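Take a look at the letters that make up each chain.
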Amino acid sequence: MFDRLQALADRYEKLSELLCDPDVSSDPKRLRELSKEQSDLQEAYETYTEYKQVSEQLEDAKQMLGEKLDDEMREMVKMEIDELTPRKEELEEKMRIVLLPKDPNDDKNVIVEIRGAAGGDEAALFAYDLYRMYTKFADTQGWRTELMDFSENDLGGFKEVIFMINGKGAYSKMKYESGAHRVQRIPVTESGGRIHTSTSTVAVMPEVEDVEIEILDKDIRIDTFCSSGAGGQSVNTTKSAVRVLHVPTGIMATCQDGKSQNDNKAKALQVLRARIYDIKRQEEEAKYAGERKSKVGTGDRSERIRTYNFPQSRVTDHRINLTLHKLDSVMNGDMSEIISSLTIAEQAELLERETMGI
C-alpha cells in the first residue's frame, strides 16, 4: 500500500511541475488532461502526506517518553500520543479507501429515467414525487437539472419522466438510485382511506460522450411530431419533438422539452447513447455476477431497493437495512444520510474483496 501511495505522491508532485511549464499551459487540451489527473490524485496525496506527518510526530513523542522529563512535560507528551494514535489509525483506513478502484463514471453528469410501474395513477403520482425529490437533492449539491422528456397522467403524475443532472460527481451519488422504489400510503384516489402499495422504477445512467458510443447516421431513424404537455405556445403547433430509433438495437429515445427540433434531436441522441452504454455496461457486469455482485445494487430496475411508508413517516433502504423516520425531509431532498450510508457500504465491500483477493 505504501509503495502505491508513494508512487501516487511522486506523480502528483511531478504534475505540479508540469502544470507550471509554459509549454503545457499554452496547450489547453494537455492542460485540461493533466489538471484532471492531478485533481483525481489530490485526496490520496493529501491523506498520505498527513499520514507521514502524523507518523513522524508520533514517533518523536514516543522517543521523548524515554528521556528524562518532568511530570508536567511527560503528561503533555502522553496527551499528544493519545491524540495522534487514533488519528494515525483513521488515516490508515482512509488510505485504504482512496486506493480502491474508482468507478470511471463517478464524475459524470447523469440521465435519470423514472417510470410509474405497479399501481396505475398512484404509481405515476409517486414517480412525480421521486422526480421532485431528486431535483431538490440536486439543488442541495449545487447541480443543475434539465427536463428532457415526460408523459403525464390526468392527475399531474408522471407515467414517465427523463431528465439530466449536470454537476461534478453526480453519478457517484445518484448511481445508487437505480431500481424499484415502493410507496405505501393512502392514494388521493382512495375514498375508503385504505393504504395502497405502488412502485415506480428509476434508472440512472452516466452521460456518454460521442467518442465512447459512436452512433452512425445510417443506423438511426428520426421521426418528428408535435410536443404535448407543458411547453408554452410552441406546444402542438410545430413538429419540434424528436424520436430517434437505433435500428441495430431497437433502442429508442424521445425528447420534446426543447423549443427547436435540433435541440431536441441533440438531447434525444444523448439519451440514446446513455441507454446503449447502460445495456453494454450491464452485460459486462453480468459476466461478473456471483461473488462480484455488489450488495448495494446492480442497477437492475426490477430490484426493489427502497420503501417509503407515509403513515409511519419511514423510509427503508433494503440493501443495507437502513431505516430513517424522517420521510418528509427525504422527500424534500434530504438524501445525504442515505447516500453516504450506501457509499460506506460499497467501500466496505470493496475493501473486503481486496482482502480476499477477489
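- Per an unreviewed UniProt entry, the protein chain goes by the name Peptide chain release factor 1 and belongs to Paenibacillus agaridevorans.
- Within the UniProt record for the protein chain, the comment given under Sequence similarities (unreviewed entry) is "Belongs to the prokaryotic/mitochondrial release factor family."

## Side note on the nonpolar core
Alright, step 1. Formed by 35 residues in total, the largest nonpolar core has its most connected members in Val 112, Ile 114, Tyr 134, Ile 165 and Met 174.
Alright, step 2. Looking at this core, the elements that each hand over two or more residues are β1 (110-116), α5 (121-141), β3 (158-166), α6 (170-174), β5 (196-206), β11 (322-324), α8 (327-331) and α9 (336-356).
Alright, step 3. Take this core: its biggest share by element is eight residues, from α5.
Alright, step 4. With sequence-adjacent residues up to four places away left out, Ile 165 is seen in contact with Asn 109, Val 110, Val 112, Ala 138, Trp 143, Arg 144, Thr 145, Ala 170 and Met 174.
Alright, step 5. Counting 21 residues, the second-largest nonpolar core is a separate cluster that includes Met 148, Val 208, Cys 255 and Leu 269.

## A closer look at the packing of helix α3 (residues 28-65) against helix α4 (residues 71-98)
Alright, step 1. Close contact between α3 and α4 brings their axes to 8 Å; oriented N to C, the two are set at 150 degrees. By the angle class used here, α3 and α4 are roughly antiparallel. The element α3 and its partner α4 pack so that their crossing is left-handed.
Alright, step 2. Taken together, the residues that form the contact of α3 with α4 break down as 14 nonpolar, four polar and 10 charged.

## Considering α3
Alright, step 1. For α3, built from 38 residues, the straight-helix expectation of 56 Å at 1.5 Å per residue is met to within 8% by its first-to-last C-alpha distance of 54 Å.
Alright, step 2. Roughly 45 degrees is the biggest bend found in α3, and it falls at Leu 41.
Alright, step 3. Leu 34, Gln 38, Leu 41, Ala 44, Tyr 45, Thr 47, Tyr 48, Tyr 51, Val 54, Ser 55, Leu 58 and Ala 61 are the residues of α3 that are buried.
Alright, step 4. The inward-facing, buried residues of α3 abut α1 (2-19), α2 (22-25) and α4.

## A word on the side chain of His 246
Alright, step 1. Topologically, His 246 is positioned in strand β7 (residues 241-246).
Alright, step 2. Judged by its relative accessible area of 8%, His 246 is buried.
Alright, step 3. A polar contact of 2.8 Å, which involves the side chain of His 246, links it to the side chain of Thr 249.
Alright, step 4. Excluding its chain neighbours within four sequence positions, the residues that come into contact with His 246 are Ile 215, Asp 219, Ile 220, Ile 251, Leu 272 and Ile 276.

## Description of the pairing of strand β10 (residues 314-317)
Two faces, one strand: in a regular strand the side chains alternate between the faces of the sheet.
Alright, step 1. Side chains Arg 314 and Thr 316 project from β10 onto one buried face, and the interleaved Val 315 and Asp 317 project onto a second face that is buried too.
Alright, step 2. Sheet topology note: the strand β9 (residues 304-309)/β10 ladder contains four bridges and is antiparallel. Bridging from a neighbouring strand, Thr 307 pairs with Thr 316 of β10.
Alright, step 3. As paired strands, β10 and β11 are joined by three bridges and run antiparallel to one another. Residue pairing across strands places Thr 316 opposite Thr 323, the latter belonging to β11.
Alright, step 4. Connecting the antiparallel pair β10 and β11 is a turn made up of four residues, with Asn 321 showing a positive phi of about 55 degrees.

Parameters and conventions
- Residues numbered from 1 in each chain as written.
- Predicted model: local features only at pLDDT ≥ 70, side-chain atom pairs only at ≥ 80, totals over all residues.
- Heavy atoms only, no water.
- UniProt positions renumbered as here; feature names shortened; annotations may be inferred.
- Core = buried A, V, L, I, M, F, W, Y, C linked by side-chain atoms within 4.5 Å.
- Buried < 20%, exposed > 50% of the residue type's maximum accessible area, 1.4 Å probe, protein only.
- Helix = DSSP H or I, 4+ residues; strand = E, 2+ residues; numbered from the N terminus.
- Contact = heavy atoms within 4.5 Å.
- Axes fitted to C-alpha atoms, helices over the stretch in contact; angles between N-to-C directions.
- Parallel < 35°, antiparallel > 145°, perpendicular 65-115°, else oblique.
- Left-handed = near helix turned anticlockwise from the far one by under 90°.
- Nonpolar A, V, L, I, M, F, W, Y, C, P; charged D, E, K, R; others polar.
- Expected span 1.5 Å × (residues − 1).
- Bend = angle between axes of the 7 residues up to and from the residue.
- Polar contact = N/O pair within 3.5 Å; in protein donor to acceptor, adjacent residues only side chain to side chain.
- Pairing = 2+ DSSP bridges.

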